[in-house]
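Chain and residue survey
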Amino acid sequence: MAKLFNDKNFWKKTAGLALPVAMQNMLTSSFTLVDTLLVSRLGDKSLAAVGMAGQWGWLMNMIIFGICSATGVFVSQYWGVKDKKNIHVTMGISLTISLAVSAVFFALSFFAPNSVIHLFNSNKGVIDEGSKYLVIIAFSYPAVAITNILSVVLRSTEKVRLPMYISAITTVLNIGLDYCMIFGNFGFRKMGISGAALATLISAWVGVIVLILLSLAQKNIIIAPVKDVFSIKKQNVAAFSKKAIPVILNESLWGGGTFLYTLIFSNMGYEYYAAITILKSFENIEYVFFIGLCNASAVMIGKSVGKGEIERGLTDSRRFMIIVPAASVLIGIIAIIFRAPLVNIFDMGNNISQLTITTAIQLIVIYSIELPMRTLGYTMIVGILRAGGDTLSAAKYDLASLWLFSLPATVIAAYVLKLPFIWCYIVMFAFEDYIKIFFTIRRYKTKKWILPVTTEGKIGLDKYLTTH
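Residues numbered from 1 in each chain as written. Predicted model: local features only at pLDDT ≥ 70, side-chain atom pairs only at ≥ 80, totals over all residues. Heavy atoms only, no water.

1. Some words on the overall build of the protein
Using the following cut-off: Where helices and strands are cited, they refer to DSSP runs of H or I of at least four residues and of E of at least two residues respectively, numbered from the N terminus. As a reference, a globule follows 2.2 Å times the number of residues to the power 0.38, and the radius of gyration itself is taken over C-alpha atoms. The rule is simple: take the accessible area with a 1.4 Å probe, protein chains only, and divide by the maximum for that residue type; under 20% is buried, over 50% is exposed, in between is partly exposed.
Along the backbone of the protein there are 18 helices and 0 strands. For the protein, whose C-alpha radius of gyration is 22 Å, the value lies close to the compact-globule estimate of 23 Å for 468 residues. Once the C-alpha set of the protein is aligned to its principal axes, its extents read approximately 65 × 50 × 40 Å. Across the 468 residues of the protein, 58% fall into the buried class.

Here you go:
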């Protein structure tokens, strides 16, 4: 075990890739936390409404995340052999698909906001608040799509600091505008929940503009002639689609399944969903470190596979399989210890019900106990199997654990057995994470997940297989 981790270069590379991404996600999560704190002063209904509208946007993000994951597979392997031409073509394909997805979500959100919010809850107050938020936030969706694609290209080529700086800028701007626009401070008009949406919209587009301007100044990988980015040929689309479609379907269907969880829980009572909104603020912060580690895993393993250094990729994968759950135990313990004071800061305006507060405290405990299993499953799917090129198996195991086991079990728990809300939440976690880990580790042991897309990687794999 000591020999496995006695590699200074591994730790240096991991820190260099993981920490900026973790910091970027920490900034984003800090904004979500502060945004939730400010909106919570408007009451349970506003808090639940923002959470529901946010979940709708999250469904879009999951589809775009699937596109980003596929993009990362190609870009990291192309980066291993410094193939900039194919990196730019991949970026063009990804931008085109992501903007099309954002256009669909914009149309539904802008033209039918009441119908979208009604999916979550039938309370008129919640629908009214959520609709006001959604029609404004819809204009930020294209900006989110552009930022995510450009950021994953930068991270996959080991340029991780710029996305972090953009997150810092947008987070500070968003929080400042929230404070001004929600409550009417510093001469701004008091806009309530609409102010929260407008603050997010402005900061999202500022992020895009600053990212492009700084990239022009740096002349980094995302800056290329338009004809190089969008000179997309059939063979490029075919190659991308072969790897991307399983990942996009994976994230879309996984997001759809999680969306159904939201419908189940939100219809059990808006107080419960307000508690989930509070949990998600802390969940994002607990998870940021692991997103950084998973990004490091994906880039390092993908680059090794692309270069044909198969043994190196396997060694790094074993390291991440141990590091991630071990670190999550520590973070989970800290969250459990401080659960009560953390949740109670959301009731500064005395507008949150005791049911919401009590439920949120219970949810933090449940989530923290489950965190090691959840992060290991995430790492196996995103940081190892996909990085090696095995996007189809990753999709199969991720979706099967959700759609064939966890979602049916949760529906039975809620509507057949009529278990209390907390027990339904436990059922959801248990039936998804443990089944996913079983199948992904079994696949990992076969080494059939190593599927290079570069010529160098294929040669390296052949050599490895003949000697092992």
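2. Structural notes on the nonpolar core
The criterion, for reference: The definition of a nonpolar core used throughout is a set of buried Ala, Val, Leu, Ile, Met, Phe, Trp, Tyr and Cys residues joined through side-chain atoms within 4.5 Å.
Formed by 122 residues in total, the largest nonpolar core has its most connected members in Phe265 and Tyr425. The element that contributes the greatest number of residues to this core is helix H3 (residues 44–80), accounting for 19 residues. In terms of nonpolar packing, the next biggest core, distinct from the first, is built from 22 residues, Val305, Met321, Leu385 and Ile437 among them.

3. Thoughts on the packing of aromatic side chains
Heads up, the condition is: Two rings belonging to Phe, Tyr or Trp (six-membered ring only in the last case) form a pair when the distance between their centres is within 6.5 Å. Interplanar angles under 30 degrees mark stacking, angles over 60 mark edge-to-face geometry, and anything in between is tilted. Only when the NZ of Lys or the CZ of Arg is both within 6 Å of the ring centre and within 35 degrees of the ring normal is a charge said to sit over the ring.
Tallied over the full model, the rule gives 20 aromatic pairs. Pairwise contacts between aromatic rings join Tyr261, Phe265, Tyr272, Tyr367, Phe421, Tyr425 and Phe429 into one cluster. Across the ring face of tryptophan 79, the terminal group of lysine 82 is positioned such that the distance to the ring centre comes to 4.5 Å. Seen from the ring of phenylalanine 10, arginine 319 lies directly overhead, with NZ or CZ sitting 4.7 Å from the centre.

4. Thoughts on the packing of H3 against helix H4 (residues 84–111)
Selection criterion: An axis is simply a line fitted to the C-alpha atoms; with a helix, the fit covers only the stretch in contact. Between two such axes, the angle follows the N-to-C directions and lies from 0 to 180 degrees. Any angle that falls under 35 degrees is termed roughly parallel, while one over 145 is termed roughly antiparallel, one within 65 to 115 roughly perpendicular, and all others oblique. Every residue pair with non-hydrogen atoms within 4.5 Å of one another is taken to be in contact. When residue character is reported, Ala, Val, Leu, Ile, Met, Phe, Trp, Tyr, Cys and Pro are called nonpolar, Asp, Glu, Lys and Arg charged, and the others, Gly included, polar.
Close contact between H3 and H4 brings their axes to 10 Å; oriented N to C, the two are set at 175°. With respect to their mutual orientation, H3 and H4 come out roughly antiparallel. Counted together, Trp56, Leu59, Met60, Ile63, Ile64, Ile67, Thr71, Phe74, Val75, Tyr78 and Trp79 of H3 and Asn86, Ile87, Thr90, Ser94, Ile97, Ser98, Val101, Ser102, Phe105, Leu108 and Ser109 of H4 form the full contact between these two elements. Considered class by class, the residues forming the contact of H3 with H4 number 15 nonpolar, 7 polar and no charged.

5. With respect to the layout of surface pockets
Note the cut-off: For cavity detection a 1 Å grid was placed over the protein atoms alone, and a set of points counts as a cavity when a 1.4 Å probe fits there but cannot get out; an open set counts as a pocket when protein lies on both sides within 12 Å along at least five of seven lines, with lining residues being those that have an atom within 4 Å of a point. Grid points are joined across faces, edges and corners, and a volume is the space filled by probe spheres set on the points.
Volume-wise, the largest pocket comes out at about 290 Å³. Around the largest pocket sit 13 residues that line it, and Met91, Leu95, Leu150, Ile212 and Ile222 are the ones nearest its centre. Where the lining of the largest pocket is concerned, the elements lending two or more residues are H4, helix H7 (141–156), helix H9 (193–218) and helix H10 (226–229).

6. Quick notes on the pattern of salt bridges
Applicable threshold: We count a salt bridge whenever a side-chain nitrogen from Lys or Arg sits within 4 Å of a carboxyl oxygen from Asp or Glu.
In this structure the tally under the stated criterion is 13 salt bridges. A salt bridge links glutamate 129 to lysine 132; the nearest nitrogen and oxygen atoms lie 2.9 Å apart. Pair noted here: glutamate 129 and lysine 132 are both in helix H6 (residues 124–137), with a separation of 3 residues, about one helical turn. On the basis of relative accessibility, which here comes to 16%, the residue glutamate 129 falls in the buried class. Salt bridges here are not isolated pairs; linked through shared partners, they connect Arg374, Asp398, Glu432, Asp433 and Lys436.

7. Description of H3
Put simply, the rule is: In a helix, the anticipated span is given by 1.5 Å times the number of residues less one.
The end-to-end C-alpha separation of H3 is 50 Å, in line with the 54 Å expected for 37 residues at 1.5 Å each. With 32 of its 37 residues buried, H3 lies for the most part within the structure. Count one or two residues on from H3 and you reach lysine 82, which has phi positive near 55°.

8. What about H9?
When the terminal C-alpha atoms of H9 are compared, their 38 Å separation across 26 residues agrees well with the 38 Å that a helix rising 1.5 Å per residue should span. Lysine 219 sits one or two residues past H9 and shows a positive phi near 55°.

9. Remarks on the packing of H4 against H7
Short version of the rule: What makes a crossing left-handed is the near helix being turned counterclockwise from the far one by less than a right angle; a clockwise turn instead makes it right-handed.
Viewed as axis vectors pointing N to C, H4 and H7 meet at an angle of 155°, and their least axial separation amounts to 8 Å. In this view, H4 runs roughly antiparallel relative to H7, as classed from their interaxial angle. For the crossing formed where H4 meets H7, the hand is right-handed. Here Ile87, Met91, Ser94, Leu95, Ser98, Leu99, Ser102, Phe105, Phe106 and Ser109 of H4 lie close against H7, whose contacting residues are Tyr141, Pro142, Ala145, Ile146, Ile149, Leu150 and Val153. In terms of residue class, the contact of H4 with H7 is built from 13 nonpolar, 4 polar and no charged.

10. Brief notes about unusual backbone geometry
We note that lysine 219 has phi near 55°; this positive angle belongs to a residue other than glycine. Note that lysine 219 resides in the loop between H9 and H10.

11. Quick look at the confidence of the model for the protein
What counts is decided by this rule: pLDDT is defined as a per-residue confidence score from the predictor, taking values between 0 and 100.
Per-residue pLDDT for the protein has a mean of 85; in total, 95% of the residues score no lower than 70. Within the protein, the lowest mean pLDDT, 68, falls on helix H1 (residues 2–5), and the highest, 93, falls on helix H17 (residues 421–446).

12. Let's talk about a nonpolar patch on the surface
Threshold: Residues qualify for a patch when their relative accessible area is over 30% and they have no salt bridge, like charges being joined within 9 Å and the nonpolar side chains of Val, Leu, Ile, Met, Phe, Trp and Tyr within 5 Å. Calculation of accessible area relied on Shrake-Rupley with a 1.4 Å probe; when residues are assessed, cover is drawn exclusively from the protein chains displayed.
The grouping of Ile245, Leu249, Leu253, Leu260, Trp403, Leu404, Phe405 and Phe431 at the surface amounts to a nonpolar patch, some 710 Å² of accessible area in total. For the nonpolar patch, the secondary-structure elements that each account for two or more residues are helix H11 (234–266) and helix H16 (391–416). A per-element tally of the nonpolar patch places H11 first, with 4 residues. Within the secondary structure layout, leucine 249 lies in helix H11. Relative accessible area serves as the criterion here: at 44%, leucine 249 is assigned to the partly exposed category.

13. Re the side chain of threonine 14
You can see threonine 14 is positioned in helix H2 (residues 8–40). What makes threonine 14 buried here is its relative accessible area of 4%. Ignoring anything within four residues of it in the chain, the contact list for threonine 14 reads Leu19, Leu293, Ala296, Met300 and Phe320.

14. Looking at the environment of glycine 313
Mapped onto the secondary structure, glycine 313 falls in helix H13 (residues 310–337). Along the primary structure glycine 313 and alanine 387 are separated by 74 residues, whereas in three dimensions their C-alpha atoms are 9.6 Å apart. Ignoring sequence-local partners within four residues, the contact set of glycine 313 consists of Ile301 and Ser304.

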